[in-house]
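These are the residues of each chain, in order.
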Amino acid sequence: ERFSKDEHMRLACKENPGIRVLRQEPFETLISFIISQNNNIKRITGIIDRLCESFGEKTEHGYAFPTLDAVEKLNSTEVSLDGINAMDTDTAREELKKIKGVGNKVADCVLLFGYHKTDAFPRDVWIKRIEQKLYPDGLPECIKGNEGIAQQYLFDYARTHEI
């Protein structure tokens, strides 16, 4: 209902009424999004499979994603993934950016999908195009606090309508 105050959001919601934001384990989300930079889906899948085989525990269905024990910087407590949840989004973003390979987009993806901070708004090339075309004067006020959910609607809407 809030999103329907904006014409584009109203159409995006109408076309995709069942869209959901994933809730993933924060460490796995962090590593997966770092790996995903400048890669295609096939390559990302292969890298993650090899990472699991090399450092994950064998299960009856293959290999589990490696645990936090595999990462020195996070273990050093320089960055505490457990503490991110209690932080506001801006502070949490800056904390995640202390990790090599994490910029605004990866941090916002981790905050949205790993910590369900719905005000995080991951901006990739597609979202930047959508903003330029549909919202040159800025995002609509009706999505405030739920920018990440709006991003999911807008991304799918833009792909469907070739925006």
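### A few points about the side chain of E147
In this structure, E147 sits in helix α9 (residues 147–160). With no salt bridge to any partner, buried E147 finds its closest opposite charge in K144, at an N-O distance of 4.3 Å. Among all residues touching E147, those that are not within four sequence positions of it are T118, D119, A120 and F121.

### Some details on α9
Taking 1.5 Å per residue as the helical rise, α9 with its 14 residues ought to reach 20 Å, and the 20 Å between its terminal C-alpha atoms agrees with that figure. Residues of α9 that are buried: E147, G148, A150, Q151, Q152, Y153, L154, Y157 and A158. For α9, the secondary structure elements touched by its buried residues are α1 (7–15), α7 (104–115) and α8 (125–134). Phi for E162, located one or two positions after α9, is positive at around 50 degrees.

### Focus on the nonpolar core
Core analysis: the biggest nonpolar cluster contains 27 residues, and L96, V102 and L111 have the highest contact counts within it. Mapped by element, the contributors of at least two residues to this core are α2 (26–36), α3 (41–55), α5 (81–84), α6 (89–96) and α7. Broken down by element, this core gets its largest block of residues, eight residues, from α7. Sequence-distant contacts of L111, that is, excluding residues within four places in its chain, are made with I84, T89, A92, R93, L96, H116, K117 and A120. Among the nonpolar cores identified, the runner-up in size contains 16 residues, and M9, A12, Y135 and Y157 belong to it.

### A look at the state of the cysteines
The term disulfide refers to a covalent linkage connecting the sulfur atoms of a pair of cysteines. In total, this model carries zero disulfides according to the counting rule given. Free of any disulfide, C142 has its nearest neighbouring cysteine sulfur in C13, separated by 8.6 Å. By relative accessible area, C142 is classed as buried at 12%.

### A few points about the environment of Y157
In this fold, Y157 is placed in helix α9. For Y157 and C13, which are 144 residues apart along the polypeptide, the C-alpha to C-alpha distance reads 8.5 Å. Apart from residues lying up to four places away in sequence, Y157 is in contact with H8, L11, A12, E15, N16 and I163.

### A short note on the side chain of K117
As for its placement among the helices and strands, K117 is situated in the loop between α7 and α8. If we skip the residues at most four places from it in the chain, K117 touches I84, N85, M87, T89, A92, L111 and L112.

### Quick word on the packing of α6 against α7
Contact pair α6 / α7: the axes reach a minimum separation of 9 Å and the direction vectors enclose 120 degrees. It follows from the interaxial angle that α6 and α7 lie oblique. Relative to α7, the crossing made by α6 is right-handed. Seen from α6, the contacting residues are T89, A92, R93 and L96; seen from α7, they are N104, A107, D108, V110 and L111. Partitioning the contact of α6 with α7 into residue classes produces five nonpolar, two polar and two charged.

### Some thoughts on the environment of R129
Looking at the element boundaries, R129 is found in helix α8. A relative accessible area of 41% means that R129 is categorised as partly exposed. With 34 residues separating them in the primary sequence, R129 and I163 have C-alpha atoms 7.5 Å apart.

### What to know about the packing of aromatic side chains
For the structure on display, the rule yields three aromatic pairs. Consider the rings of F3 and Y153, whose centres lie 6.2 Å apart with planes at 85 degrees: the pair is edge-to-face. Residue F3 is located in the segment before α1, and its partner Y153 is located in helix α9; the two are separated by 150 residues in the primary sequence. Side by side, F3 and Y153 carry an identical accessibility label, which is buried. Centre to centre, the rings of F27 and F65 are 6.1 Å apart; their planes meet at 75 degrees, and the pair counts as edge-to-face. Note that F27 is positioned in helix α2 and F65 in the loop between β2 (62–63) and α4 (72–75), a separation of 38 residues in sequence. Looking at K58, its charged tip hangs above the ring of Y63, at a distance of 5.0 Å from the centre.

About the thresholds
- Residues numbered from 1 in each chain as written.
- Predicted model: local features only at pLDDT ≥ 70, side-chain atom pairs only at ≥ 80, totals over all residues.
- Heavy atoms only, no water.
- Helix = DSSP H or I, 4+ residues; strand = E, 2+ residues; numbered from the N terminus.
- Buried < 20%, exposed > 50% of the residue type's maximum accessible area, 1.4 Å probe, protein only.
- Lys, Arg positive; Asp, Glu negative; His and termini not counted.
- Salt bridge = Lys/Arg side-chain N within 4 Å of Asp/Glu carboxyl O.
- Contact = heavy atoms within 4.5 Å.
- Expected span 1.5 Å × (residues − 1).
- Core = buried A, V, L, I, M, F, W, Y, C linked by side-chain atoms within 4.5 Å.
- Disulfide = S-S within 2.5 Å.
- Axes fitted to C-alpha atoms, helices over the stretch in contact; angles between N-to-C directions.
- Parallel < 35°, antiparallel > 145°, perpendicular 65-115°, else oblique.
- Left-handed = near helix turned anticlockwise from the far one by under 90°.
- Nonpolar A, V, L, I, M, F, W, Y, C, P; charged D, E, K, R; others polar.
- Phe/Tyr/Trp six-rings, centres within 6.5 Å; stacked < 30°, edge-to-face > 60°.
- Lys NZ or Arg CZ within 6 Å of the ring centre and 35° of its normal.

On their own, these measurements won't tell you what the molecule is for.
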